[in-house]
Amino acid sequence: MTAAANTADTWPFSRVIIGIDPGTNVMGYGIIGVDARSKPQMIAMGVLTLDKFETHYLRLRRIHERVLSLVEQYLPDEMAIEAPFFGKNVQSMLKLGRAQGVAMAAALIRDVPITEYEPRKIKMAITGNGAASKEQVREMLKRLLAIPDDSILPQLDATDALAAALCHFYESQRPRSSASACKSWKEFIDKNPSKVKR
């Protein structure tokens, strides 16, 4: 599913977040927009199938090309990308890390800030359960973003990517404490003199 390209006259969103679920066989992407009421909405979601490419390097090139084209089409303010989880197969981990890296490089070319999220963190943000199934994540996304049944893709890579984008939105809405924003106790005291009892 896609939406119209971002234009200043018609674009109703003040902020756009692209989510990426990296993979060497299938890469998922999901894009959300945040409107003036700070309400997130799905703009687009989709998958890039890579099994037709003969070599891993051709797949990496295609991932880079596709992510760059998405960035140029939707002009996201931020990227949220799922971090590879540690598995037993070292070769698979290396390939997945490379896929993640080229997707990140495509965003960095256009100065899009990137945040990584572990799969468990994304599931927790969307469903409240870090061990939720991918199907449960998809069903919750349908409710949270009011996505009609006929607009949701069956590929779980797409909904995983959309979940990464929504997770990033939720995380960015959380208030940062003054203490966590300071690099030292001295800086905290300088910024918050009323909180210090003498």
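Residues numbered from 1 in each chain as written. Predicted model: local features only at pLDDT ≥ 70, side-chain atom pairs only at ≥ 80, totals over all residues. Heavy atoms only, no water.

### A closer look at the layout of surface pockets
And step 1. Of the volumes computed, that of the largest pocket is approximately 360 Å³.
And step 2. What lines the largest pocket is a set of 21 residues, and nearest its centre among them are Asp-21, Glu-82, Phe-85, Leu-96 and Lys-134.
And step 3. Those elements that place two or more of their residues in the lining of the largest pocket are helix 2 (90-109), helix 3 (119-127), helix 4 (134-144) and helix 5 (156-173).
And step 4. A class-by-class count of the residues in the lining of the largest pocket yields 11 nonpolar, 4 polar and 6 charged. (1 Å grid on protein atoms, 1.4 Å probe; cavity = no way out; pocket = protein on both sides within 12 Å on 5 of 7 lines; lining within 4 Å. Points joined across faces, edges and corners; volume = space filled by probe spheres on them. Helix = DSSP H or I, 4+ residues; strand = E, 2+ residues; numbered from the N terminus. Nonpolar A, V, L, I, M, F, W, Y, C, P; charged D, E, K, R; others polar.)

### What to know about the environment of Phe-53
And step 1. For Phe-53, the position within the fold is in the loop between strand 3 (40-49) and helix 1 (56-74).
And step 2. Measuring from C-alpha to C-alpha, the distance between Phe-53 and Asn-25 comes to 9.3 Å, with 28 residues separating the pair along the chain.
And step 3. The contact partners of Phe-53, leaving out residues within four places of it in the chain, are Leu-58, Arg-59 and Arg-62. (Contact = heavy atoms within 4.5 Å.)

### Here's the deal with the side chain of Lys-142
And step 1. Along the polypeptide, Lys-142 turns up in helix 4.
And step 2. Judged by its relative accessible area of 16%, Lys-142 is buried.
And step 3. Setting aside its immediate chain neighbours within four residues, Lys-142 contacts Ile-147, Asp-149 and Ile-152. (Buried < 20%, exposed > 50% of the residue type's maximum accessible area, 1.4 Å probe, protein only.)

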